[in-house]
Amino acid sequence: MLQDILQKEKELFEDGVQTVLRGQENRNRRVVILKGNIVQNSRSESRGINARVGKDGLFGFASIAEYSEEAARKVLKAASENAALLAHHSENKGIVLPPSYGSGVIPTNRDIVDAEQKKIIDACRTIDAYVEKKYPDLESRTVVYTEDSQDRIIYSSDAYSGHLTTPRCYIYVMMSAKTKEGAPVELFKALGGYGCFEDNFADLEQYYPEIDQLYKKVMDKKEGVYAEAGYKTVVLGGMMGGMLAHEAVGHTVEADLVMGGSVAGPNLGKRVASDLVTMIDYAHTYNGETAPLPVYLDDEGTKAVDAELIRDGILTGYMNSRETAEKYKMKPAGNARGWTFSDEPLIRMRNTCILPGKNTVEELIESVDDGYYLIDSGNGQADLTGEFMFGVTCGYEIKNGKLGRALLDTTVTGVAFEMLKTVDMVSDKVEWSSSGFCGKKQPMAVGMGGPHMRCKIMIGGR
Amino acid sequence: MSEIREIVDLFDGILKDKKLEKYTYTLVKSEKQELNVENDEFKLMRTVFNNYASIKVFKDNKMGNASGNDLSEEALKKLADDGVSAAESSPEDPCHDFAPDQGKDVFRQGIYEPDMDRFIERIKEFLAAVKKEYPQVKVMQAIGSYDRNNWISRNTNGTEFEAFTGEYSFYAGVCASDGEATTGIDGAGFTAKDLDTPFIELGEMRRCLDSISKSIHPESLEGKFEGTVILTPGCAENFLYMVIGNYISDGVVIDGTSMWLDKVGEQVASEKLTVALKPYDERIVMGERGTQDGFRAEDVTLIEKGVLKTHRLGLYASNKTGRPVVKNTGGAMVVEPGDKSIDEIIASVDKGLLMSGFSGGQPGANGEFSGVAKNSFLIENGKVKGAVTETMVNGNLGEVVKNIRAISKELTCSGDSVMPYIAVDGIIVSGK
């Protein structure tokens, strides 16, 4: 972990401005085995210091790829100069100094333990050998290990300080088979989560049932059919529910996008979903347990708490920076985060989740006469209007309450605040994912979760 | 940033002391000055001084890669050790390699001393022009950046490349509103080596602003039809990169899942289509000079008059499959123009879309894609009608390049690519 060399540099913070000084290291490990061949085998670290100085709604930010006291002094000076340069060219007069809502020190959450590259490669080869031996009829297979971690030391002029870490690592297993017509179909599964290598992969056999399940889905998919395009009744699986929470709703309630004109602006306090829908961006704890990617302190020095977004179908809040919270007369909840040492904090989600309801998954499926069960998504996007798109990589037909043929890749779309009003059944369990990156100028590790939901949605197909 | 050469010499000494026989490395010093605009106003000025060091170590037919951003002596020693450790823990695979001796060269591209005051004034001028000419448009986010790099790449085969590069880039994400009615986001950007032209006139900026200001009250399509979709230059570029990824890139050729595995020399696309990656084209601002495999970069034609000329393989994939290597890592796409104007092409379409954004799932390995047509307009009876919403397009990448109806004679140069409009028949368009 980083050694704290920044504390005494607080003496250099200027009066009359808000300053945050951050030292950070990001580590990445990556191994890719394609059909038994190691095609990537890499380790990387980036480390440095940044400072952000703000006043009157204008910010100067500077970063240097060095971790030293001298570098800290340089970035503080350069950030102040950048703020002054901007003030010289701008007539913008924003909020002078948004309030901090408390100060103190957030305790360190955990350590980061590095694994030798050989151990990582051995784990990947063990998984690859399991797939190769058990499923020789696959057209292709890929095993990918990815690990990224953030180690941050934060000092703020008027808010919280702390030394926090966020390690996560995954083994992706990808399988490919060919249809009767010779067209390849693929599916993947991410194994692992928050924590270091030993936390997740000391016991590889625990993942074999999930790998077996993945193979079954690939075999189903190679016999799959195209979805019929149109407006359909569907059961969204928990992963799709999480994607919905993140992409379709979450981005529209990021306050910087609200300022840009997102659909959430005029809808605060109004019904945007059926009363079965409640959605929260959790900071670090869900249901008494550590959330998939816990955030305890953000990069503006705000102590992280949960942000309620929708309660019983009514839009109740946004995710904020200190500045936007003041603008919208809300309290910041710790959503301002930067990905590497050279990134300024932006409003980002943390563990965004639609809460569970009362039905079982079986009840949802049995209730559909003619529709689709959409299980996994490869990617998703949304824009200011709440119009969203998710790629669907795994799904099945539902006919008379029973699962039918598998689906080939397709896409679903809708407008979030219209589509969420069609949700009329919600399952009693949440499924989480934490392996993804959200893209918004910078990448950011985010968790997302959701229950199964019955709703109506536009599906693409032939 | 002249000290990079001293660091390279220091690193060579470290590698010599460790008695490494085969390696290739790159050291970079970079500087970014970036102005951020939020909602029509300046918000943040950002400076980044960064470094990058990457080494690939080859030992007994094993390869390992390590990288970091600390160029201190201690960190470079650790980097070398990490590279060795990664190589030693890897299984043997003689296909990992790098290029034979390419000689020594120094590349200078772009402008190395920026005029930041003029750059900031160009951004102010852009914001003022948008406000005046497109009053319903808001610049939600704009990023103007000047980036300067000095890098040196050396390897044990004798190659040494050094580069001094500097370029301006600008991106604007825009939306438009009328009361509570708001559009989605559209955006355009470009790379430039000078500040001679107002930013609103560069790349697809005008098209983007015209398009978003006409998209405030979109309509849903009813039903489904098979029609012609005209891809705007940026959208066409995205589709062609999906074609490259799905059919001719390393992974799909190594694992044999490419649908064009044995199609080199065959007609895979309309004879109207010629696609090349041309880092030396004078319209490309910052074309690649040294590839990731250590070759001196070359222009490469991938598809010529519809015939697949080569897969786009790096050295590892080439060694693995016995197919030719391409000395070009990617980017700098140049598509040859057609003989019709965009107005003539639109006039020829009975029913379809003018599509400037595609928001879709990753196309399947078979090339099937489906997604939402973003920032798109209905075309009926040869005329562009209103903007559409909740409209999906479905098709197959292989069919897209086969079913090209026309390519425009107008080209858009973004500094990173040179692209025409491309009109494609046989796309399924579906509404609610």
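Residues numbered from 1 in each chain as written. Chains lettered and ligands numbered in written order. Predicted model: local features only at pLDDT ≥ 70, side-chain atom pairs only at ≥ 80, totals over all residues. Heavy atoms only, no water.

J.: Could you clarify how one ought to interpret the environment of G223 of chain B in this entry?
T.: All names here are of chain B. Relative to the helices and strands, G223 resides in the loop between strand 9 (219–220) and strand 10 (224–231). Spatially, the C-alpha atoms of G223 and S370 are 16 Å apart, while their sequence positions differ by 147 residues. With residues near it in sequence (within four places) discarded, G223 still touches V429, S430, G431 and K432. (Helix = DSSP H or I, 4+ residues; strand = E, 2+ residues; numbered from the N terminus. Contact = heavy atoms within 4.5 Å.)

J.: What exactly am I supposed to notice about the domain arrangement of chain A here?
T.: Note: interface size is frequently given as the accessible area lost on complex formation between the parts. All names here are of chain A. Domain boundaries assigned for chain A yield domain 1 (7–222) and domain 2 (230–459). Here the C-alpha centroids of domain 1 and domain 2 sit 21 Å apart. Across the contact, 47 residues belong to domain 1 and 41 residues belong to domain 2. Taken together, both faces of the contact between domain 1 and domain 2 bury some 3700 Å²; the carbon and sulfur share is 58%. The largest share of the area that domain 1 buries against domain 2 comes from Y101, R168 and K221, three residues that together contribute 16% of it. At the junction of domain 1 and domain 2, the tally comes to 5 salt bridges. A salt bridge links D299 to R22; the shortest N-O distance between them is 3.6 Å. Where domain 1 meets domain 2, there are 22 residue pairs in polar contact (both at pLDDT 80 or more). Taken together, the elements giving at least two residues each to the side of domain 1 that touches domain 2 come down to strand 1 (18–34), strand 2 (37–55), strand 3 (58–64), strand 5 (140–156), strand 6 (160–178), strand 7 (184–194) and helix 4 (208–222). (Domains from an automatic or database assignment. Buried area = accessible area lost by both parts, 1.4 Å probe. Salt bridge = Lys/Arg side-chain N within 4 Å of Asp/Glu carboxyl O. Polar contact = N/O pair within 3.5 Å; in protein donor to acceptor, adjacent residues only side chain to side chain.)

J.: Looking at this structure, I do not really get empty space enclosed by the protein. What am I missing?
T.: All names here are of chain A. A full pass over the atoms with the stated rule returns 8 cavities of 30 Å³ or more. As for the largest cavity, its lining consists of 16 residues, and the residues nearest its centre are Q150, T166, V295, R337 and M444. Here the lining of the largest cavity gets 3 residues from one element, more than from any other, and that element is strand 5. Of the residues assigned to the lining of the largest cavity, the class counts are 7 nonpolar, 3 polar and 6 charged. Each of domain 1 (7–222) and domain 2 (230–459) contributes no fewer than three residues to the lining of the largest cavity. Space inside the second largest cavity adds up to approximately 100 Å³. Q18, R52, F59, P98 and E300 are the residues nearest the centre of the second largest cavity, which is lined by 15 residues in total. (1 Å grid on protein atoms, 1.4 Å probe; cavity = no way out; pocket = protein on both sides within 12 Å on 5 of 7 lines; lining within 4 Å. Points joined across faces, edges and corners; volume = space filled by probe spheres on them. Nonpolar A, V, L, I, M, F, W, Y, C, P; charged D, E, K, R; others polar.)

J.: Honestly, the domain arrangement of chain B in this entry has me stumped. Any pointers?
T.: All names here are of chain B. In terms of domains, chain B is made up of domain 1 (4–213) and domain 2 (219–432). A separation of 25 Å is found between the C-alpha centroids of domain 1 and domain 2. Counting residues at the interface gives 30 residues for domain 1 and 26 residues for domain 2. Between domain 1 and domain 2, roughly 2300 Å² of surface is buried when both sides are summed, and carbon and sulfur atoms account for 52% of that area. Interface area lost by domain 1 to domain 2 is led by C95, Q109 and T191, which between them contribute 24%. Counting the contacts that link domain 1 with domain 2 gives 2 salt bridges. One salt bridge connects D93 with K320, and the closest N-O pair in it is separated by 3.3 Å. Summed over the shared surface of domain 1 and domain 2, the result is 10 residue pairs in polar contact (both at pLDDT 80 or more). Counted by class, the side of domain 1 that touches domain 2 contains 10 nonpolar, 11 polar and 9 charged residues.

J.: Would you mind showing me how to read the sheet that holds strand 9 (residues 279–282) of chain A here?
T.: Note on sheets: strands pair through backbone hydrogen bonds, and any given pair is parallel or antiparallel. Residues and elements named next belong to chain A. If you walk across this open sheet you meet the 6 strands as 13-12-9-16-25-22, and the pairing is mixed. Two strands lie at the open edges of the sheet, namely strand 13 (314–315) and strand 22 (431–433), each paired on one side alone. Pairing analysis gives 2 bridges linking strand 12 (residues 307–311) to strand 13, with the strands arranged antiparallel. Among the inter-strand pairings, R311 is bridged to a residue of strand 13, identified as I314. Docked against the sheet, helix 5 (residues 238–250) engages strand 9, strand 12, strand 16 (351–354), strand 22 and strand 25 (447–450), running at close to 120° with respect to strand 25. (Pairing = 2+ DSSP bridges. Axes fitted to C-alpha atoms, helices over the stretch in contact; angles between N-to-C directions.)

J.: When you look at the nonpolar core in this model, what are you seeing that I'm missing?
T.: Note that soluble globular proteins tend to have their nonpolar side chains buried in a common cluster. Residue and element names in this part refer to chain A. Counting residues in hydrophobic clusters, the biggest one holds 57 residues, and the most contacted among them are L236, L244, L374 and L420. Counting residues per element, this core draws most heavily on helix 5, which supplies 6 residues. Of the domains in this structure, domain 1 (7–222) and domain 2 (230–459) are the two that each give at least three residues to this core. Not counting chain neighbours up to four residues away, the residues in contact with L236 comprise L244, L374, M419, P451, H452, M453, C455 and I457. Listed in part, the 45 residues of the second largest apolar core include L187, Y215, V235 and Y373. (Core = buried A, V, L, I, M, F, W, Y, C linked by side-chain atoms within 4.5 Å. Buried < 20%, exposed > 50% of the residue type's maximum accessible area, 1.4 Å probe, protein only.)

J.: Sorry if this is basic, but what is going on with the layout of surface pockets here?
T.: If a probe the size of a water molecule is rolled over the atoms, the empty space left behind becomes visible. Each pocket or cavity is described by its volume, and for the second largest pocket that value is around 910 Å³. Taken together, 43 residues line the second largest pocket, and the ones lying closest to its centre are R47 of chain A together with N69, D70, L71 and A75 of chain B. Those elements giving two or more residues to the lining of the second largest pocket turn out to be strand 1, strand 2, strand 3 and helix 1 (69–89) of chain A together with strand 1 (22–38), strand 2 (41–59), strand 3 (62–68) and helix 2 (73–88) of chain B. When the residues that make up the lining of the second largest pocket are grouped by side-chain class, the tally is 15 nonpolar, 12 polar and 16 charged.

J.: What is the right way to look at the pattern of salt bridges in this model?
T.: One pass over the full model with this rule turns up 69 salt bridges over all chains. Here R43 of chain A makes a salt bridge to D114 of chain A, at a shortest N to O gap of 3.1 Å. Of this pair, R43 of chain A sits in strand 2 while D114 of chain A is found in the loop between strand 4 (104–106) and helix 2 (117–134), placing the two residues 71 residues apart along the sequence. D299 of chain A is the partner of R152 of chain A in a salt bridge, and the nearest nitrogen-oxygen pair spans 2.3 Å. Taken together, the residues R152 of chain A in strand 5 and D299 of chain A in the loop between strand 11 (289–290) and strand 12 connect sequence positions 147 residues apart. Both residues of the pair, R152 of chain A and D299 of chain A, count as buried. Several salt bridges converge on common partners, so that one network encompasses E25, R27, R29, R43, E45, R47 and D114 of chain A together with K78 and D82 of chain B.

J.: Would you mind going over the side chain of T324 of chain A with me for this structure?
T.: Relative to the helices and strands, T324 of chain A resides in helix 7 (residues 322–327). Residues contacting T324 of chain A, with those up to four places away along its chain left out, are A255, D256, M259 and I347 of chain A.

J.: Explain the interface of chain B and chain A here, please?
T.: Chain B puts 77 residues into the contact, and the matching count from chain A is 77 residues. Summed over both partners, the interface of chain B with chain A buries about 6100 Å², with 52% contributed by carbon and sulfur atoms. The largest per-residue losses of area from chain B upon contact with chain A belong to K43, M45 and E390 of chain B, which jointly make up 9% of the total buried on that side. The closest approach of N and O atoms between K441 of chain A and E34 of chain B, which form a salt bridge, is 2.6 Å. For the pair chain B and chain A, the interface holds 40 residue pairs in polar contact (both at pLDDT 80 or more). It is strand 2 of chain B that provides the largest number of residues to the side of chain B that touches chain A, a total of 11 residues. Of the residues that constitute the side of chain B that touches chain A, the class distribution is 23 nonpolar, 35 polar and 19 charged. Direction of pairing for strand 2 of chain A relative to strand 3 of chain B: parallel, over a ladder of 4 bridges. Counted as the bridge partner of E45 of chain A is G68 of chain B from strand 3 of chain B.

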